[in-house]
Number of protein chains: 2
Amino acid sequence: MTTDTSRLQNMANAIRALSMDAVQAANSGHPGMPMGMADVATVLFQNHIKFDPSRPDWADRDRFVLSAGHGSMLIYSMLHLSGYARPTMDDIRNFRSLGSPCAGHPENFLLEGVECTTGPLGQGIAMAVGMAMAERNLNATFGDDIVDHRTWVIAGDGCLMEGVNHEAIGLAGHLHLGRLNVLWDDNNITIDGPADLSTSEDVKARYEATGWHVVSCDGHDFDDIERAINEAKADSRPSLIACKTVIGKGAPTKQGTSATHGAPLGAEEITGAREALGWNAAPFEVPSDILADWRATGDAGSDLHGAWAARLAGSAHRGEFERRMAGNLPETNVIEDHIAGLIADPQGVASRKASEMALDVINPAMPETIGGSADLTGSNNTKAGGIEGFTADNYGGRYVYYGIREFGMSAAMNGMALHGGVIPYGGTFLVFTDYARGAIRLSALQKARAIYVMTHDSIGLGEDGPTHQPVEHLASLRAMPNLLVMRPADAVETAECWQVALQQADRPAILALSRQGLPQVRLSDAGENLSAKGAYRLKAAGADRKVVILATGAEIGVAMESAKALEEAGIGTDVVSMVCTELFDEQDDAYRADLLPSDAVIVSIEAASTFGWQRYTGTNGLNIGIDSFGASAPAKDLFAHFGFTADAIVPQIHNKLND
Amino acid sequence: MTTDTSRLQNMANAIRALSMDAVQAANSGHPGMPMGMADVATVLFQNHIKFDPSRPDWADRDRFVLSAGHGSMLIYSMLHLSGYARPTMDDIRNFRSLGSPCAGHPENFLLEGVECTTGPLGQGIAMAVGMAMAERNLNATFGDDIVDHRTWVIAGDGCLMEGVNHEAIGLAGHLHLGRLNVLWDDNNITIDGPADLSTSEDVKARYEATGWHVVSCDGHDFDDIERAINEAKADSRPSLIACKTVIGKGAPTKQGTSATHGAPLGAEEITGAREALGWNAAPFEVPSDILADWRATGDAGSDLHGAWAARLAGSAHRGEFERRMAGNLPETNVIEDHIAGLIADPQGVASRKASEMALDVINPAMPETIGGSADLTGSNNTKAGGIEGFTADNYGGRYVYYGIREFGMSAAMNGMALHGGVIPYGGTFLVFTDYARGAIRLSALQKARAIYVMTHDSIGLGEDGPTHQPVEHLASLRAMPNLLVMRPADAVETAECWQVALQQADRPAILALSRQGLPQVRLSDAGENLSAKGAYRLKAAGADRKVVILATGAEIGVAMESAKALEEAGIGTDVVSMVCTELFDEQDDAYRADLLPSDAVIVSIEAASTFGWQRYTGTNGLNIGIDSFGASAPAKDLFAHFGFTADAIVPQIHNKLND
């Protein structure tokens, strides 16, 4: 063993020891992956990743994504050993305990150095694709001096089998993201046992078929790992580095088996491992010479950071770059001006078209937006404001042709948002939030500013029928924490919603937009963004108020017609546009009580599941909705069939008043 | 042109004409795919697919799946031309109109011959994988004389890019499903334009990498199509037949472009197409000689059906085979006996373990069950009752190692359920219903008996943290039409839920099961399946009833403790186990009013989003839940942290009573 090999071996064993000890102390966790990939991770951090432990927020750091998030002790070990302020050794001792930043799976909002939350398999690599896209886009804008970093991923068999991974690698290969390198923990083991229980795939051939460069190495031979990583870096394509490893490497009787995957090794096995690894330190102790080697790795990064900071200081781009990386919007009145224009010259358009009109002014004014669609550009109206395609030949472009990859698109958007410097938006049909839901949840959990442009938001899409008609989707998305679900009623509200969505630095938003044309209902200057309150009184009762109709989006039309008929019958009726329930719920008691008076019959109208509306209408109100699947027919016929006409609704309100 | 070529060309042009005319009449739809694939489809139906138009329910028919469901006029044309009773020509005239069985996308519940609902891309091929699995399993049981058919798929670029397709082909390749043949409409066009806007993939190499046989043909050369299909049939692997086609073939100025994909061609273009194709018949008319050629195709299938029926009539398997294909459960008391055993000897186990105990008696008694897990077998407790692995070497096995492919698993389950003869169940963590949601929705829409075993159903899973802790999932699934969401509280309810789920011939069910141990609360013989009512009074108030607590699953424990404390304070409290809200909503008014009296404070307790509970508690009730994401810690700490203790809940109920 050379000195260097011995040094690296000790460094890697520090990861192994911390991992098995922390899992044992927590009495739960996954020791197999950190122990198996400790050698690879050591070479990677020692020789390749650009980072400065004293400044985890350094904009030009390499991004490292542990896609196999269950192996979280790998990244906690590396961050601690490299000299990040957190996690401390106490944090690691408290692995998986309430309040520890060392959660069961790595959480970006708990610990700097964790670039994204991982655990839901496949999404880490898909987010890394987004990070690599953001890096190239920023590089195209700000140049090599300021933006010049790589994205590294450690992924396991689980990640590679997930559909979202397949979508992501197809996109990465197509876009020639050569600065993306994935280290595959090729250990032939899944939870159920040998990987060949469920797969016979030639993984390398599959990656090559999607435009990737593939290289292999012995994941326990430091020189071979070094060679493979260098080959990967030298290739202009994204690279898969297949690291042949033994899961749980070092555990004398359990290594190489699924027994090491997701359970503590047990005291006896750990004693044996210490012996096998020649690791004599007590639990949660790292010999000072080994720790010093790790810390030196981190120190080298500080020098790189210093040189970069000097370049940035001398750059004309500095102000703009820092603004964008801080996530601050530029000062601009384009949205207000656009709304003023709509008031002056009302536009009765579909809200998807209204969204395009908003983007026509937003995109030129905000260079950080990167749009796209999962192959529904013309339907989602997402290409606007003159932005060009983001392609392998033009990374300065700001429009991504994601292909038919809704989940991959959404995960990539998360990666872009978390990378910073860009604000991603992407479109598909609202019904296909089902395909992307795993990523939408991670947008919300990770507090990522991803904006989902979800058109064709009800049976109003018509003839494409129930497979394409969302019914339960608004409710199902409203149930998700930390997500704004916005359904604007006209062109003015749509512009307001865009403004609100862009202003959310720490949460995602979904814009649910109509396929069909909608009249403009906001015809005077409100002097403020009314949609930002979540709900507002669009029409006040004329006669004595007995009814309040809550409606959203396209159904504001039938709500207004119904109110008119009620007023004609002497029944005072408010109409409240409930643009975004989450924002409304955040208003103060007085505002909410004013819109939802206790002495009126509250009626909800939405061409969607009634599920959840009772929290506003009570059980004595009335819920007009669709609690079955839709049907295939022209939209007008469907609205009549499902009872979304004033003729069908008004008698129900009369009955309720006479109850 | 040979006579045969001329005959086939005319037959294919009949598809083209009907497709462009129907789309034009509906003023919406997708003519490009049917026109592009008309030649391939004609050879397929003429020479290869085994079907009997007079008996669309023939058990041993080949299954044909139009995965590219937007091209629905292809299948409507073929069914009509081949002589199926429906669609009639009037049905086709009413394409995309309310009440027509010719919906925008093919719906299995509207039209016989449509084996599954398609439109959400990628899922058709994934369901076909399930159909091919069911076929092999039934073949292993009943032999070649009774079960011996193929599964055919027509898929487009959109299907092939979706993640679920990648998962599905990985599974099919691994399982050597040689009787599955996918005809790929390789036209280089997606909605956004040329496919190379978003993909650079070598599709053929990718399929080969997953164990598929690949063959190519000119999709407009009848002899070449015939050759390719024969090569595919001859190979023992699943086959991809890459058919190089021109989208919208026949449209003089638009063919080969995305303009033909999703919009009517227009009157002028259609006139030009008629000329180019030499098609002189009026819209919705098919010359009698061409129709006769098509009908002859169908007639040949009737002979095959007759021979098969004779074999079945002579088979000892007949009764069992017919029972299974009819979807009738065997007569058995194993579940009742199991529940009686639990009453006699209570078991305080996790409900996932209780599910395993139920399966231990169900699987031996019901040979139609086919279980599996997306690589969480030991966690989902899905392998039970001695069933063996379903593998390429043992298609008689009944346990599928799906791999880390939640969406692919769920779609395959739909395919199995729709094939008939088997009842699929499959497991993952409840939080990963997000990954599978597109397929769960199709289970519900298609009325498919798929049973989802979703374990680790709350923060009670503990240390794995928020990425793995479902919060909004119960609400989001309850919002979906035609799906039973069941959350049993103990081993007895779990067995009851399994019984209910198995009895649902026309809807799917989700069992939400705990990771953590639960006391058995049902300790006496109820004489009926109480869970079948959706909710029932588990504990009646002792003192004068002032409170009703609704709880589900694991939270029945804290509900009972809270009730005890309230009773000790003289406050009569019912506890209602709300096992399944959908079933409860189906009970009569009297039953529901009895459980939800208007003179009591109604309290819901569920370690999940409170979204939706207000329809039972009203706005004056109390909702105990979690409206944020979870955290990583031992379950006990989390329940305390999030307020799921009697100490935290009882004071809130006192406050509410004193309001």
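Every chain begins its residue count from 1, and numbering advances along the sequence as written. Chain letters start at A and ligand numbers start at 1, both assigned in the order the entries are written. In keeping with the model being predicted, local features are shown solely for residues with a pLDDT of at least 70 and side-chain atom pairs are shown and tallied solely at 80 or more, while totals for entire chains, interfaces and linings include all residues. By convention in this description, side-chain values take in all heavy atoms of the structure and omit both hydrogens and water.

Q: Mind showing me how you'd approach the UniProt feature "domain: Transketolase-like pyrimidine-binding" (unreviewed entry) in chain A here?
A: UniProt positions are given in the numbering used here, feature names are shortened, and annotations may be inferred rather than shown by experiment. In the numbering adopted here, UniProt assigns the feature "domain: Transketolase-like pyrimidine-binding" (unreviewed entry) to residues 349-520 of chain A. Helix and strand assignments come from DSSP, with helices taken as H or I runs of at least 4 residues and strands as E runs of at least 2, each series counted from the N terminus. Along residues 349-520 of chain A the backbone is 38% helical and 16% strand, and the end-to-end C-alpha distance reaches 8 Å.

Q: How should the relation of the copies chain B and chain A be read in this particular structure?
A: Both copies of the chain are related by a screw-like operation: a rotation about an axis and a shift along it. Expressed as a screw operation, the relation of chain B to chain A combines 0.0 Å of axial shift with a rotation of 180°, fitting to an RMSD of 0.0 Å. Classification of the inter-copy transformation places it as that of a two-fold axis. When the interface residues of chain B are mapped onto chain A, 100% of them again lie at the interface, so the same face is used by both copies. When the copies are superposed, the least-squares fit draws on C-alpha atoms of residues that have pLDDT of at least 70 in both. Contacts are assigned to residue pairs that have any heavy atoms within 4.5 Å of one another.

Q: Teacher, can you tell me more about the environment of Thr573(A) here?
A: Residues and elements named next belong to chain A. Considering the arrangement of structural elements, one finds threonine 573 in strand β16 (residues 572-578). Separated by 339 residues in the primary sequence, threonine 573 and alanine 234 place their C-alpha atoms 69 Å from one another. Discounting residues that sit within four places of it in the chain, threonine 573 has contacts with Lys539, Ala540, Ala541, Val547, Ile549, Ala563, Leu566 and Glu567.

Q: How should I be thinking about unusual backbone geometry in this particular structure?
A: The bulk of non-glycine residues show a negative phi, and the bulk of peptide bonds are trans. Following Arg86(A), the chain continues into Pro87(A) via a peptide bond in cis, with omega recorded as 5°. Relative to the helices and strands, Pro87(A) resides in the loop between α3 (72-82) and α4 (89-93). Of note, the phi angle at Asn27(B) is positive, near 60°, even though the residue is not glycine. Positive phi, normally seen in glycine, also occurs at Lys447(B), with a value near 60°. For Lys447(B), the location among the structural elements is in the loop between α17 (433-446) and β11 (451-455).

Q: Help me understand the interface of chain B and chain A, please; the structure alone is not making it clear to me.
A: Much of the literature gives interface size as the accessible area that the parts lose upon coming together. Every contact between the two is made by 94 residues of chain B and, on the other side, 94 residues of chain A. The quantity reported as buried area is the accessible area (1.4 Å probe) lost by two parts once they are put together, taken as the sum for both. Summed over both sides, the interface between chain B and chain A buries roughly 7600 Å², with carbon and sulfur atoms accounting for 60% of that surface. Summed over the three residues of chain B that lose the most area to chain A, namely Tyr435(B), Arg441(B) and Phe611(B), the buried surface amounts to 11% of that side. A carboxyl oxygen of Asp or Glu within 4 Å of a side-chain nitrogen of Lys or Arg is what we treat as a salt bridge. If you look at where chain B meets chain A, you find 6 salt bridges. Here Arg96(A) and Asp464(B) are joined by a salt bridge, their closest N and O atoms 2.6 Å apart. Polar contacts here mean pairs of N or O atoms no more than 3.5 Å apart (in protein, one a potential hydrogen donor and the other a potential acceptor; neighbouring residues in sequence count only if both atoms are side-chain atoms). Inspection of the region where chain B meets chain A yields 38 residue pairs in polar contact (both at pLDDT 80 or more). A total of 8 residues in the side of chain B that touches chain A trace back to one element, the largest contributor, which is α17(B). Tallied by class, the residues present in the side of chain B that touches chain A amount to 35 nonpolar, 37 polar and 22 charged. Basically, the charged four are Asp, Glu, Lys and Arg, the nonpolar ten are Ala, Val, Leu, Ile, Met, Phe, Trp, Tyr, Cys and Pro, and anything else, Gly included, counts as polar.

Q: Just checking my understanding: could you explain the sheet that holds strand β3 (residues 180-186) of chain B for this structure?
A: Adjacent strands of a sheet form backbone hydrogen bonds with each other and so pair up, either parallel or antiparallel. Residue and element names in this part refer to chain B. Think of it this way: DSSP has to see at least two bridges between two strands before they count as a pair. Ordered in space as β1-β2-β3-β7-β6, the 5 strands form an open sheet in which the pairing is parallel. The sheet is open, and its two edges are formed by β1 (63-66) and β6 (213-218), each paired on a single side. Direction aside, the axes of adjacent strands within the sheet are offset by 20° on average. Relative to strand β2 (residues 151-155), β1 is paired through 4 bridges, and the arrangement is parallel. The residue of β2 that forms the bridge with valine 65 is valine 153. Each axis is a line fitted through C-alpha atoms, and for a helix only the stretch in contact is used; angles between axes span 0 to 180 degrees, taken between their N-to-C directions.

Q: What should I look at first to understand the pairing of strand β14 (residues 535-539) of chain A in this one?
A: Regular strands have side chains that alternate between both faces of the sheet. Residue and element names in this part refer to chain A. Along β14, 4 of the 5 residues are buried, which leaves the element largely enclosed by surrounding structure. Pairing analysis gives 4 bridges linking β14 to β16, with the strands arranged antiparallel. By the bridge assignment for β16, tyrosine 536 is matched with serine 577. Each residue's exposure class comes from its accessible area (1.4 Å probe, protein chains only) as a fraction of the maximum for that residue type: buried when under 20%, exposed when over 50%, partly exposed otherwise.

Q: I'm lost on the environment of Glu463(B) in this one. Help?
A: Relative to the helices and strands, Glu463(B) resides in the loop between β11 and α18 (473-478). For Glu463(B) and Ala631(B), which are 168 residues apart along the polypeptide, the C-alpha to C-alpha distance reads 7.7 Å. Aside from chain neighbours lying at most four places away, what touches Glu463(B) is Ala26(A), Ser28(A), Arg96(A), Gly104(A), Arg515(B), Ser632(B), Ala633(B) and Pro634(B).

Q: Please clarify how the packing of aromatic side chains should be interpreted in this entry.
A: For any two aromatic rings, the description comes down to two numbers: the centre-to-centre distance and the angle of the planes. Note on aromatic contacts: the rings of Phe and Tyr and the six-membered ring of Trp form a pair at centre separations within 6.5 Å, being stacked when their planes are under 30 degrees apart, edge-to-face when over 60 apart, and tilted otherwise. In total, this model carries 35 aromatic pairs over all chains according to the counting rule given. Here the aromatic rings of Tyr76(A) and Phe95(A) are separated by 6.0 Å at their centres, their planes lie at 70°, and the arrangement is edge-to-face. Highlighted residues: Tyr76(A) in helix α3 and Phe95(A) in the loop between α4 and α5 (123-142), separated in sequence by 19 residues. The two residues Tyr76(A) and Phe95(A) agree in class, both being buried. With centroids separated by 5.4 Å and ring planes inclined at 85°, the aromatic side chains of Phe45(B) and Phe64(B) adopt a geometry described as edge-to-face. One end of the pair, Phe45(B), is in helix α2 (residues 32-47); the other, Phe64(B), is in strand β1, and 19 residues separate them in sequence. The same class applies to Phe45(B) and to Phe64(B), which are both buried. Cation placement over rings: the criterion is NZ of Lys or CZ of Arg within 6 Å of the ring centroid and within 35° of the ring normal. The positively charged end of Lys383(A) is found above the aromatic ring belonging to Tyr399(A), 5.9 Å away from the centroid.

Q: Explanation requested: the packing of α2(B) against helix α9 (residues 222-234) of chain B in the structure shown.
A: All names here are of chain B. It is the contact of α2 with α9, at a shortest axis distance of 10 Å, that shows an interaxial angle of 55°. Considering their axes alone, α2 and α9 lie oblique with respect to each other. Every pair of crossing elements has a handedness; the one defined by α2 and α9 is right-handed. Counting all contacts with α2, which are made through Asp39, Val40, Val43, Leu44 and Asn47, the residues of α9 involved are Phe222, Ile225, Glu226 and Ile229. Its residues assigned to classes, the contact of α2 with α9 shows 6 nonpolar, 1 polar and 2 charged. Oblique is the label for any angle not under 35 degrees, not over 145, and not in the 65 to 115 range, which are roughly parallel, roughly antiparallel and roughly perpendicular in turn. Less than a right angle of anticlockwise turn of the near helix away from the far helix marks a crossing as left-handed, whereas a clockwise turn marks it as right-handed.

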